[in-house]
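Breakdown of the fold
Listed below are the residues making up each chain.
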Amino acid sequence: MRPLAAALAALLIALPLAALAQGAAETALIAQVNAARAQAGLKPVVAEARLTRVAAAHAADMAKNGFVGHAGSDGAGMIERTLRAGYGYAYIAENVAGGQPNAQAALATWLASGSHRRNLLAPEATQCGVGHAVEGGRTPKYGDYWVIVLGAPATP
(Lines give C-alpha, C1' and ligand atoms only; values in the text may rest on other atoms or scores of the structure.)
Protein backbone atom coordinates (compact mmCIF):
# COMPACT_ATOMS: atom_id res chain seq x y z
CA MET A 1 0.00 0.00 0.00
CA ARG A 2 2.90 2.34 0.67
CA PRO A 3 4.07 2.42 -3.01
CA LEU A 4 0.54 3.38 -4.08
CA ALA A 5 0.42 6.21 -1.55
CA ALA A 6 3.81 7.45 -2.73
CA ALA A 7 2.67 7.34 -6.36
CA LEU A 8 -0.50 9.27 -5.55
CA ALA A 9 1.47 11.88 -3.60
CA ALA A 10 3.87 12.29 -6.52
CA LEU A 11 0.93 12.71 -8.89
CA LEU A 12 -0.71 15.31 -6.67
CA ILE A 13 2.55 17.26 -6.55
CA ALA A 14 3.22 16.95 -10.30
CA LEU A 15 -0.25 17.98 -11.48
CA PRO A 16 -0.25 21.47 -9.96
CA LEU A 17 3.27 22.06 -11.26
CA ALA A 18 2.20 21.10 -14.79
CA ALA A 19 -0.85 23.34 -14.51
CA LEU A 20 1.33 26.16 -13.16
CA ALA A 21 3.75 25.84 -16.07
CA GLN A 22 0.93 25.99 -18.59
CA GLY A 23 -0.67 28.91 -16.77
CA ALA A 24 2.65 30.73 -16.82
CA ALA A 25 2.79 30.57 -20.63
CA GLU A 26 -0.68 32.03 -20.95
CA THR A 27 0.01 34.69 -18.33
CA ALA A 28 3.22 35.64 -20.14
CA LEU A 29 1.37 36.02 -23.43
CA ILE A 30 -1.29 38.28 -21.90
CA ALA A 31 1.42 40.44 -20.29
CA GLN A 32 3.23 40.75 -23.61
CA VAL A 33 0.02 41.57 -25.48
CA ASN A 34 -0.71 44.28 -22.92
CA ALA A 35 2.81 45.68 -23.33
CA ALA A 36 2.19 45.97 -27.08
CA ARG A 37 -1.18 47.58 -26.41
CA ALA A 38 0.40 50.07 -23.98
CA GLN A 39 3.00 51.03 -26.63
CA ALA A 40 0.08 51.75 -28.96
CA GLY A 41 -1.62 53.86 -26.29
CA LEU A 42 -4.36 51.29 -25.65
CA LYS A 43 -5.87 49.98 -22.44
CA PRO A 44 -4.90 46.46 -21.36
CA VAL A 45 -7.11 43.43 -21.87
CA VAL A 46 -7.99 41.28 -18.87
CA ALA A 47 -8.37 37.52 -18.78
CA GLU A 48 -11.97 36.31 -18.94
CA ALA A 49 -12.82 32.74 -17.88
CA ARG A 50 -15.15 31.82 -20.77
CA LEU A 51 -12.78 33.19 -23.39
CA THR A 52 -9.94 31.31 -21.70
CA ARG A 53 -11.92 28.05 -21.89
CA VAL A 54 -12.68 28.67 -25.58
CA ALA A 55 -9.03 29.42 -26.39
CA ALA A 56 -7.68 26.50 -24.34
CA ALA A 57 -10.12 24.02 -25.89
CA HIS A 58 -9.28 25.17 -29.42
CA ALA A 59 -5.52 24.99 -28.75
CA ALA A 60 -5.98 21.45 -27.37
CA ASP A 61 -8.08 20.48 -30.42
CA MET A 62 -5.41 21.77 -32.81
CA ALA A 63 -2.65 19.95 -30.88
CA LYS A 64 -4.59 16.70 -30.71
CA ASN A 65 -5.43 16.77 -34.42
CA GLY A 66 -2.24 18.39 -35.78
CA PHE A 67 -3.69 21.45 -37.54
CA VAL A 68 -3.63 25.23 -37.27
CA GLY A 69 -6.82 27.01 -38.26
CA HIS A 70 -9.86 28.93 -37.13
CA ALA A 71 -12.32 26.09 -37.74
CA GLY A 72 -12.18 23.36 -35.12
CA SER A 73 -12.17 19.65 -35.86
CA ASP A 74 -15.96 19.72 -35.40
CA GLY A 75 -16.27 22.50 -38.01
CA ALA A 76 -17.18 25.17 -35.45
CA GLY A 77 -15.59 28.58 -35.87
CA MET A 78 -14.62 31.11 -33.24
CA ILE A 79 -18.05 32.74 -33.12
CA GLU A 80 -19.87 29.44 -32.59
CA ARG A 81 -17.36 28.30 -29.95
CA THR A 82 -17.65 31.62 -28.13
CA LEU A 83 -21.45 31.61 -28.14
CA ARG A 84 -21.50 27.96 -26.96
CA ALA A 85 -19.40 29.08 -23.99
CA GLY A 86 -22.08 31.63 -23.09
CA TYR A 87 -20.06 34.70 -24.03
CA GLY A 88 -22.25 37.33 -25.68
CA TYR A 89 -20.01 39.81 -27.39
CA ALA A 90 -19.93 43.28 -28.86
CA TYR A 91 -16.46 42.56 -30.30
CA ILE A 92 -14.70 39.25 -30.92
CA ALA A 93 -11.49 38.21 -32.72
CA GLU A 94 -9.16 35.22 -32.68
CA ASN A 95 -5.50 34.61 -33.50
CA VAL A 96 -4.09 31.10 -33.84
CA ALA A 97 -0.52 29.93 -34.32
CA GLY A 98 1.48 26.72 -34.39
CA GLY A 99 5.18 25.99 -34.11
CA GLN A 100 6.23 28.87 -31.88
CA PRO A 101 8.10 27.50 -28.84
CA ASN A 102 7.05 30.23 -26.40
CA ALA A 103 4.67 33.14 -25.84
CA GLN A 104 7.18 35.71 -27.09
CA ALA A 105 7.57 33.89 -30.42
CA ALA A 106 3.79 33.52 -30.84
CA LEU A 107 3.30 37.24 -30.20
CA ALA A 108 6.12 38.18 -32.61
CA THR A 109 4.46 36.08 -35.32
CA TRP A 110 1.12 37.80 -34.79
CA LEU A 111 2.58 41.30 -34.60
CA ALA A 112 4.35 40.72 -37.94
CA SER A 113 1.00 39.99 -39.63
CA GLY A 114 -1.25 42.96 -40.39
CA SER A 115 -4.57 41.24 -39.65
CA HIS A 116 -3.32 39.53 -36.48
CA ARG A 117 -1.75 42.77 -35.27
CA ARG A 118 -5.08 44.58 -35.81
CA ASN A 119 -6.82 41.97 -33.66
CA LEU A 120 -4.30 42.34 -30.82
CA LEU A 121 -4.41 46.13 -30.96
CA ALA A 122 -8.15 46.53 -31.45
CA PRO A 123 -9.27 49.35 -29.15
CA GLU A 124 -12.64 47.60 -28.79
CA ALA A 125 -11.07 44.58 -27.06
CA THR A 126 -11.30 44.66 -23.28
CA GLN A 127 -11.05 40.97 -22.41
CA CYS A 128 -9.14 37.95 -23.62
CA GLY A 129 -8.58 34.27 -23.24
CA VAL A 130 -5.35 32.47 -24.09
CA GLY A 131 -4.82 28.81 -24.81
CA HIS A 132 -1.53 26.94 -25.21
CA ALA A 133 -1.20 23.23 -25.93
CA VAL A 134 1.70 20.97 -26.79
CA GLU A 135 1.32 18.20 -29.30
CA GLY A 136 2.05 14.74 -27.99
CA GLY A 137 1.68 11.07 -28.72
CA ARG A 138 3.08 11.14 -32.25
CA THR A 139 5.75 12.84 -34.31
CA PRO A 140 4.91 16.51 -33.75
CA LYS A 141 3.72 18.51 -36.72
CA TYR A 142 3.91 21.92 -35.05
CA GLY A 143 4.76 21.19 -31.41
CA ASP A 144 3.26 24.17 -29.58
CA TYR A 145 -0.14 25.63 -30.44
CA TRP A 146 -1.34 29.08 -29.37
CA VAL A 147 -4.78 30.72 -29.41
CA ILE A 148 -5.88 34.12 -28.18
CA VAL A 149 -9.51 35.18 -28.28
CA LEU A 150 -10.04 38.89 -27.75
CA GLY A 151 -13.46 40.26 -26.94
CA ALA A 152 -15.71 42.86 -25.42
CA PRO A 153 -18.89 41.69 -23.76
CA ALA A 154 -22.27 42.67 -25.15
CA THR A 155 -23.96 45.31 -23.09
CA PRO A 156 -27.28 44.17 -21.59
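Residues numbered from 1 in each chain as written. Predicted model: local features only at pLDDT ≥ 70, side-chain atom pairs only at ≥ 80, totals over all residues. Heavy atoms only, no water.

**Focus: the overall build of the protein**
Each helix and strand counted, the protein has 5 helices and 4 strands in total. The N-to-C order of helical and strand elements in the protein reads α-β-α-α-β-α-α-β-β. Out of the 156 residues belonging to the protein, those deemed buried represent 40%. The contacts of the protein with a sequence gap of at least 6 include a subset with a gap of at least 24, amounting to 70%. Counting only carbon and sulfur atoms, one obtains 64% of the accessible surface of the protein, whose full area is about 8,300 Å². (Helix = DSSP H or I, 4+ residues; strand = E, 2+ residues; numbered from the N terminus. Buried < 20%, exposed > 50% of the residue type's maximum accessible area, 1.4 Å probe, protein only. Contact = heavy atoms within 4.5 Å. Areas by Shrake-Rupley, 256 points an atom, 1.4 Å probe, with all protein chains shown as cover.)

**Observations regarding the sheet that holds strand β1 (residues 46-47)**
In spatial order, the strands read β1-β3-β4-β2; together these 4 strands make up an open sheet with mixed pairing. Edge positions in the sheet fall to β1 and β2 (89-98), since each of these pairs with one other strand and no more. As paired elements, β2 and strand β4 (residues 144-153) share 9 bridges and run antiparallel to each other. The partner of tyrosine 89 across the bridge, within β4, is proline 153. Here helix α2 (residues 49-65) sits on the sheet and contacts β1, β2, β3 (127-134) and β4; the angle it forms with β3, its principal contact strand, is near 25°. (Pairing = 2+ DSSP bridges. Axes fitted to C-alpha atoms, helices over the stretch in contact; angles between N-to-C directions.)

**Side note on the side chain of histidine 58**
Turning to its location among the elements, histidine 58 is positioned in helix α2. Since its relative accessible area comes to 1%, histidine 58 is described here as buried.

**Section: helix α4 (residues 103-111)**
For α4, the complete set of buried residues consists of Ala103, Ala106, Leu107 and Trp110. Down the axis of α4, the smallest arc covering the buried residues is 95°, so these residues share one side. The distance from a side-chain oxygen at the start of α4 to the backbone nitrogen of glutamine 104 is 3.2 Å, and the residue carrying that oxygen is asparagine 102. (Arc of directions from axis to C-beta. Polar contact = N/O pair within 3.5 Å; in protein donor to acceptor, adjacent residues only side chain to side chain.)

**Comments concerning the confidence of the model for the protein**
Residues with a pLDDT of 70 or more make up 83% of the protein, whose mean pLDDT is 84. Contacts for the low-pLDDT stretch residues 1-22, under 50 throughout, to residues beyond four places or in other chains number 2 contacts. (pLDDT = per-residue confidence, 0-100.)

**A closer look at the pairing of β4**
In terms of burial, β4 is a largely internal element, 9 of the 10 residues being buried. Summarising the sheet, β3 and β4 pair through 8 bridges and their orientation is antiparallel. Among the inter-strand pairings, cysteine 128 is bridged to a residue of β4, identified as leucine 150.

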